[in-house]
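# Observations on the model geometry
What follows is the residue order along each chain.
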Amino acid sequence: MDKLDRTDRKILQLLQQDCRITTKELAEKLHLSNTPVYERVKKLERSGIIKGYVARLDPDKIDRSMMVFISILLTKHTRDVVDKFEAEVLALPEVMEFYYTSGNYDALLKLMVNDMKAFQFFIQEKLSKFEHISRFNSTFVISSADKLGYDL
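Residues numbered from 1 in each chain as written. Predicted model: local features only at pLDDT ≥ 70, side-chain atom pairs only at ≥ 80, totals over all residues. Heavy atoms only, no water.

### Examining the packing of helix H2 (residues 23-30) against helix H3 (residues 34-46)
Between two packed helices, what matters for the description is the angle formed by their axes and the separation of those axes. Quick reminder of the rule: Axis definition: a line fitted to C-alpha atoms, limited for helices to the stretch in contact. Angles are taken between N-to-C directions and run from 0 to 180 degrees. Helix and strand assignments come from DSSP, with helices taken as H or I runs of at least 4 residues and strands as E runs of at least 2, each series counted from the N terminus. Note on terminology: angles under 35 degrees are roughly parallel, angles over 145 are roughly antiparallel, angles of 65 to 115 are roughly perpendicular, and the others are oblique. The contact definition used throughout considers only heavy atoms, calling two residues in contact when any of these lie within 4.5 Å. Here the term charged refers only to Asp, Glu, Lys and Arg, the term nonpolar to Ala, Val, Leu, Ile, Met, Phe, Trp, Tyr, Cys and Pro, and the term polar to all other amino acids, Gly among them.
Contact geometry of H2 with H3 gives a least axis separation of 9 Å together with a crossing angle of 110 degrees. One way to sum up the angle between H2 and H3 is to call them roughly perpendicular. Contacts between H2 and H3 involve Thr23, Lys24, Leu26, Ala27 and Leu30 from the former and Asn34, Val37, Tyr38 and Val41 from the latter. When its residues are assigned to classes, the contact of H2 with H3 shows 6 nonpolar, 2 polar and 1 charged.

Given below as structure tokens:
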């Protein structure tokens with residue numbers, strides 16, 4: 001897709017604030033008619049700039065209030081080992097994000113669990129089953145703040 005113009009950027013900002021906004025509401029905020037706004041949104045979707053739409057859930061209300069980052073050192077770094085490890089850990093419901101990293105550790109997992117007992121179960125019954133983990137380090141989040149979307 002070509003460079004984003006001011007209208008595309010405004011559409012993206014508005015959709016990041018509320019992805020359920022209607023085309024009509026977008027058009028009103030942009031002072032345009034519905035059809036060009038609809039076509040622009042579809043173009044942004046087709047180009048992959050808009051990857052999808054999701055509902056943000058409150059982790060406290062779904063028993064996932066404890067966030068833990070786990071840094072992992074792997075024994076092997078071949079593409080097949082890393083790809084297999086990534087796919088298998090992302091299949092675990094507690095793992096929300098996976099990052100292949102450089103530095104002291106090879107991978108970083110963002111984990112969401114209910115409490116320490118659930119974390120212990122995850123470590124003992126799930127993470128310990130992976131054969132290529134040499135060492136890991138857990139970092140427990142005391143509080144967090146996040147930023148919705150990208151500044152455009």
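### Let's talk about unusual backbone geometry
Rule in force here: Here's how the labels work: a residue is buried when its accessible area is under 20% of the maximum for its type, exposed when over 50%, partly exposed in between, all with a 1.4 Å probe on protein chains only.
The phi dihedral of histidine 31 falls on the positive side, at around 60 degrees, and the residue is not glycine. Secondary-structure assignment places histidine 31 in the loop between H2 and H3. Residue classification places histidine 31 among the exposed positions, given a relative accessible area of 71%. Of note, the phi angle at aspartate 63 is positive, near 55 degrees, even though the residue is not glycine. Mapped onto the secondary structure, aspartate 63 falls in the loop between H3 and strand E1 (66-74).

### With respect to the pattern of salt bridges
Any two side chains of opposite charge can pair if their charged atoms end up close together. Here is the rule we go by: Salt bridge criterion: a side-chain nitrogen from Lys or Arg within 4 Å of a carboxyl oxygen from Asp or Glu.
Inspection of the entire model under this criterion finds 9 salt bridges. Aspartate 5 is paired through a salt bridge with arginine 40; the nearest N and O atoms lie 2.9 Å apart. Here aspartate 5, found in the segment before helix H1 (6-17), pairs with arginine 40, found in helix H3; they are 35 residues apart in sequence, far enough to count as distant. Residue classification places aspartate 5 among the partly exposed residues on the basis of a relative accessible area of 31%. Residues lysine 147 and aspartate 151 are paired through a salt bridge, measuring 2.7 Å at the closest nitrogen-oxygen approach. Taking relative accessible area as the criterion, lysine 147 reaches 56% and is therefore assigned exposed.

### Points about the environment of lysine 126
Mapped onto the secondary structure, lysine 126 falls in helix H5 (residues 116-126). Spatially, the C-alpha atom of lysine 126 lies 9.0 Å from that of valine 89, the residues being 37 residues apart in sequence. For lysine 126, the contacting residues outside a window of four places in its chain are Leu92, Pro93, Glu94 and Phe121.

### Some thoughts on the packing of H1 against H2
For clarity, the cut-off: Here a crossing is called left-handed whenever its near helix is offset anticlockwise from the far helix by less than a right angle, and right-handed whenever the offset is clockwise.
Two numbers describe how H1 lies on H2: the axes approach to 11 Å, and their chain directions differ by 130 degrees. As the angle between them shows, H1 and H2 are arranged oblique. As H1 packs across H2, the resulting crossing turns out to be right-handed. Between H1 and H2, the residues in contact are Thr7, Lys10, Ile11, Leu14 and Leu15 and Leu26, Lys29 and Leu30, respectively. Of the residues in the contact of H1 with H2, the class split is 5 nonpolar, 1 polar and 2 charged.

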